[in-house]
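Below, each chain spelled out in residue letters.
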Amino acid sequence: MDLRVLYMYAAALALLLCSAATFIQSPTDVFGPVALLEPTPSSARDFGAVVSDAPFGILRPGSSADIALLLGALSSAPPRPRATVAARGVGHSLQGQAQARDGIVVETRSLPRTVVVVAARAGRVSGEATEHAYADVGAGALWVEVLEECLKAGLAPLSWTDYLYLTVGGTLSNAGISGQAFKHGPQISNVLQLQVVTGNGEVVTCSRTKSPDLFFAVLGGLGQFGIITRARILLQEAPPKVRWVRAFYDSFETFTKDQELLISMPEQVDYVEGFMVLDEHSIRSSSIAFPARIDFSPDFGSEGRKKVYYCIEFAVHDFQPDGSSSSVDHVVELVAGRMSHMRSHMYSVEVSYFDFLNRVRMEEESLRRQGLWDVPHPWLNMFVPKHGIAQLKDLLMDTVLAGDFQGAILVYPLLTDKWDGNTSAVIPSAPDGVMYILSVLRSADPSRCGRGCVEEILEQHRRVADEACRAGGGIGAKQYLARQPTQVHWRTHFGPSWDRFLARKARYDPVRVLGPGQGIFPWTDSASSM
């Protein structure tokens, strides 16, 4: 046993022997310089900036073995651990989900971030049959790092998030969605294998055929069953270019009808999203990354009688040789001919594949220059059955149109059959197989919206969510990326899959070490009361 392992073991043992972590004045006093470090401001902060729970210490693991040693020691002290553990990538969570009050934050960015790309070939890898190209990726790697490395081989993952500066382990613990999800499913549907450290401290390699229950539990599992340390991601051939198209609408019904038309054409269309256009600012901010002039200046009405417009954006991959785009032009013309957008308000531009996927980075840089990136983000994300999307939109409009709205509202359809029901991710029942993601991505400028204002927005969102998710009469929606306020809300959220989720927790993290920031399994409740 080397000195690093001894330090780690001593650190965990010391924590277990203390009746409360707060009795120890400094992590380095007890744990030594290698194991736990003093908390940093970022360990009690996230992108949402509405919750701040400081940990007792942080761990920057050099390998999965470091995490296993820590979790193994903490989980060996039933009936409950002396400290809980939260995995943190870049801290892009919204309501403290990657925080651990008086516990330990494991910073996964310190894990090896290697990306190993393997071209398609028939045979067996690690005992598993494979014929697809894939990338073996450290869970602390950012998706933009994965993209950059895969493009060197002319390959890329199939499914993305809109923002690429998130860790692989972080998005796989939720779902990971963007405009490709209608065609390829969320990111969690495109994983071949995982390495996971369970709450028991076991390092397990799992897949659909090897320890499948753990594999599916962790995907979309909100960090409750294990910490992902490596992932094998399915790849496809990457197009050099993308034809990026935007079309505007003055009718929500026509807007959603055309979106559903586009997702019925997966052989022609590779990406579909959409957003609300609330005012001139919506047009300007959404066009920062779109390198073509948009001549759209409609009448937005007046106070009390505001008019809302909508924009569909879709993309077609261009595999043509340089200088040739006739095939893609034909596809876009064919698709556009079936759409019912506002006449003369369709815009098209060709960009590199990398620039298209990295489009939100330009918006981020713009917001940083305005001082509007590191501000509170009282967001609301909901999966909605097709039959309820218009009703949910109407529920939200009073909140959105009241006052000064800063941000974006995304609305686009997904197909439920692209989601594997074995994973822990929760989506609504949709009899016709179509659901929507509706995301209110709001930024709260502290100079115009202080703490009380943010709390009011969050309360408005809670009321909308409660009504939309209400059992036996609501719209049947499910929240995404949210921390539920009570145990009753969590049970309602999981619905029929709650018992399975509970059983998986008992199997892989029986002492409830992991994921305290989600608030699903608080220490004060016993397993029997769940």
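Residues numbered from 1 in each chain as written. Predicted model: local features only at pLDDT ≥ 70, side-chain atom pairs only at ≥ 80, totals over all residues. Heavy atoms only, no water.

Caption draft 1: Quick look at helix α8 (residues 252–263). Taking 1.5 Å of rise per residue, twelve residues should cover 16 Å, and α8 covers 17 Å from first to last C-alpha, within 8% of that figure. Three or more residues of α8 are buried, namely Phe-252, Phe-255, Thr-256, Asp-258, Gln-259, Leu-261, Leu-262 and Ile-263. Looking at where α8 begins, the residue whose side-chain oxygen comes 3.4 Å from the main-chain nitrogen of Glu-253 is Ser-251. (Helix = DSSP H or I, 4+ residues; strand = E, 2+ residues; numbered from the N terminus. Expected span 1.5 Å × (residues − 1). Buried < 20%, exposed > 50% of the residue type's maximum accessible area, 1.4 Å probe, protein only. Polar contact = N/O pair within 3.5 Å; in protein donor to acceptor, adjacent residues only side chain to side chain.)

Caption draft 2: Examining the sheet that holds strand β4 (residues 104–107) more closely. The four strands lie next to each other as β1-β2-β4-β3, forming an open sheet whose pairing is mixed. In this open sheet, the two strands that pair with only one neighbour each are β1 (36–37) and β3 (85–88). Examined bridge by bridge, strand β2 (residues 57–59) and β4 share three bridges and lie parallel to one another. When the bridges of β4 are listed, Leu-59 appears paired with Val-106. Set on the sheet, helix α3 (residues 64–74) makes contact with β2, β3 and β4; between it and β4 the angle comes to about 160 degrees. (Pairing = 2+ DSSP bridges. Contact = heavy atoms within 4.5 Å. Axes fitted to C-alpha atoms, helices over the stretch in contact; angles between N-to-C directions.)

Caption draft 3: Layout of the packing of aromatic side chains. Applying the stated criterion across every chain yields a total of 26 aromatic pairs. Measuring from ring centre to ring centre gives 5.4 Å for Phe-383 and Trp-419, while their planes differ by 75 degrees; the resulting arrangement is edge-to-face. Linking Phe-383 in strand β19 (residues 380–385) with Trp-419 in the loop between β20 (407–415) and β21 (434–442), this pair joins segments that are 36 residues apart in sequence. An identical accessibility class is assigned to Phe-383 and Trp-419; each is buried. One aromatic cluster is present, formed by Phe-225, Trp-490, Phe-494, Trp-498, Phe-501 and Phe-521 through successive ring pairs. Lying across the ring of Tyr-165, Arg-361 places its NZ or CZ 3.7 Å from the centre. The ring of Phe-252 has Lys-393 sitting right over it, with the charged end atom 4.9 Å from the ring centre. (Phe/Tyr/Trp six-rings, centres within 6.5 Å; stacked < 30°, edge-to-face > 60°. Lys NZ or Arg CZ within 6 Å of the ring centre and 35° of its normal.)

Caption draft 4: Examining the pairing of β4 more closely. Covered by surrounding structure in β4 are Ile-104 and Val-106 together with Val-105 and Glu-107, the residues of both alternating faces. Two strands pair when backbone bridges link them, and β3 and β4 are joined in this way by four bridges, in the parallel orientation. Its bridge partner lying in β4, Ala-86 is registered against Val-105.

Caption draft 5: How the structure looks around empty space enclosed by the protein. According to the stated counting rule, one finds two cavities of 30 Å³ or more in the structure shown. Composition of the lining of the largest cavity by domain shows at least three residues from each of domain 1 (35–120 + 131–238 + 490–512) and domain 2 (241–479). If you add up the space inside the second largest cavity, you get close to 30 Å³. Together, Trp-143, Pro-157, Leu-158, Ser-159, Leu-172, Gln-187, Asn-190, Val-191, Ile-233 and Leu-234 line the second largest cavity. Of the residues assigned to the lining of the second largest cavity, the class counts are seven nonpolar, three polar and no charged. (1 Å grid on protein atoms, 1.4 Å probe; cavity = no way out; pocket = protein on both sides within 12 Å on 5 of 7 lines; lining within 4 Å. Points joined across faces, edges and corners; volume = space filled by probe spheres on them. Domains from an automatic or database assignment. Nonpolar A, V, L, I, M, F, W, Y, C, P; charged D, E, K, R; others polar.)

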